[in-house]
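Given next are the chains, with one letter for each unit.
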Amino acid sequence: MRIGELAALTGVSVRLLRYYEEQGLLVAHRPEGGHRRYGEDAPAVVRHIRALLGAGLSTSAIRDVLPCVGGDGSVAPCMLEVLEQRLDLLDQRLLTLGASRAALAGIVAAARREAGAAGPDEPVPA
């Protein structure tokens, strides 16, 4: 299938499909005419890439994980360690974001008290 067909089937732009190819995530064959041609499995591969990106994996991590993704989107146990490391990293980021949010909420609350604001949803007077 041609790149335009793949884009239409997956809802992913031609530009992004080319990027996936540059990153080694998607394989295209170029017959004599030089136009990209993708295999019948390409729509599933693109869906897997999108799902893994949505899970927070980088394209370099996806390059490692993708060969272990089954047709149904399940990941083989051989990638469990990589995925667990990514999950730990996301958990750490969530903790950091939670602490940052709590600190900022305290600063905002103090500023509202200083400004004499009556409630948390009211704008601070200018």
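To start, this report covers the structure provided alongside it. (Residues numbered from 1 in each chain as written. Predicted model: local features only at pLDDT ≥ 70, side-chain atom pairs only at ≥ 80, totals over all residues. Heavy atoms only, no water.)

## Topic: the overall build of the chain
For step 1, the next point in the chain: When its secondary structure is counted, the chain shows five helices and zero strands.
For step 2, the next point in the chain: In the chain, the succession of helices and strands from N to C terminus is α-α-α-α-α.
For step 3, the next point in the chain: The principal-axis extent of the C-alpha atoms belonging to the chain is close to 75 × 35 × 20 Å.
For step 4, the next point in the chain: Partitioning the intrachain contacts of the chain with sequence separation of at least 6 by distance along the chain shows that 39% fall at a separation of at least 24. (Helix = DSSP H or I, 4+ residues; strand = E, 2+ residues; numbered from the N terminus. Contact = heavy atoms within 4.5 Å.)

## Description of the packing of helix H2 (residues 14–22) against helix H3 (residues 42–54)
For step 1, the next point in the chain: Contact geometry of H2 with H3 gives a least axis separation of 12 Å together with a crossing angle of 85°. Taken together, the axes of H2 and H3 lie roughly perpendicular to each other. Of the residues in H3, those touching H2 at Leu 16, Leu 17 and Tyr 20 are Val 46, Ile 49, Arg 50 and Leu 53.
For step 2, the next point in the chain: Counted by class, the contact of H2 with H3 contains six nonpolar, no polar and one charged residues. (Axes fitted to C-alpha atoms, helices over the stretch in contact; angles between N-to-C directions. Parallel < 35°, antiparallel > 145°, perpendicular 65-115°, else oblique. Nonpolar A, V, L, I, M, F, W, Y, C, P; charged D, E, K, R; others polar.)

## What to know about the environment of Leu 57
For step 1, the next point in the chain: Structurally, Leu 57 can be placed in the loop between H3 and helix H4 (59–65).
For step 2, the next point in the chain: Classification of Leu 57 as buried rests on a relative accessible area of 7%.
For step 3, the next point in the chain: For the pair Leu 57 and Val 82, spaced 25 residues apart in sequence, the C-alpha separation works out to 10.0 Å.
For step 4, the next point in the chain: Here Leu 57 is in contact with Leu 52, Ile 62, Leu 83 and Arg 86, once residues within four sequence places are set aside. (Buried < 20%, exposed > 50% of the residue type's maximum accessible area, 1.4 Å probe, protein only.)

These figures come from the coordinates and say nothing about function on their own.
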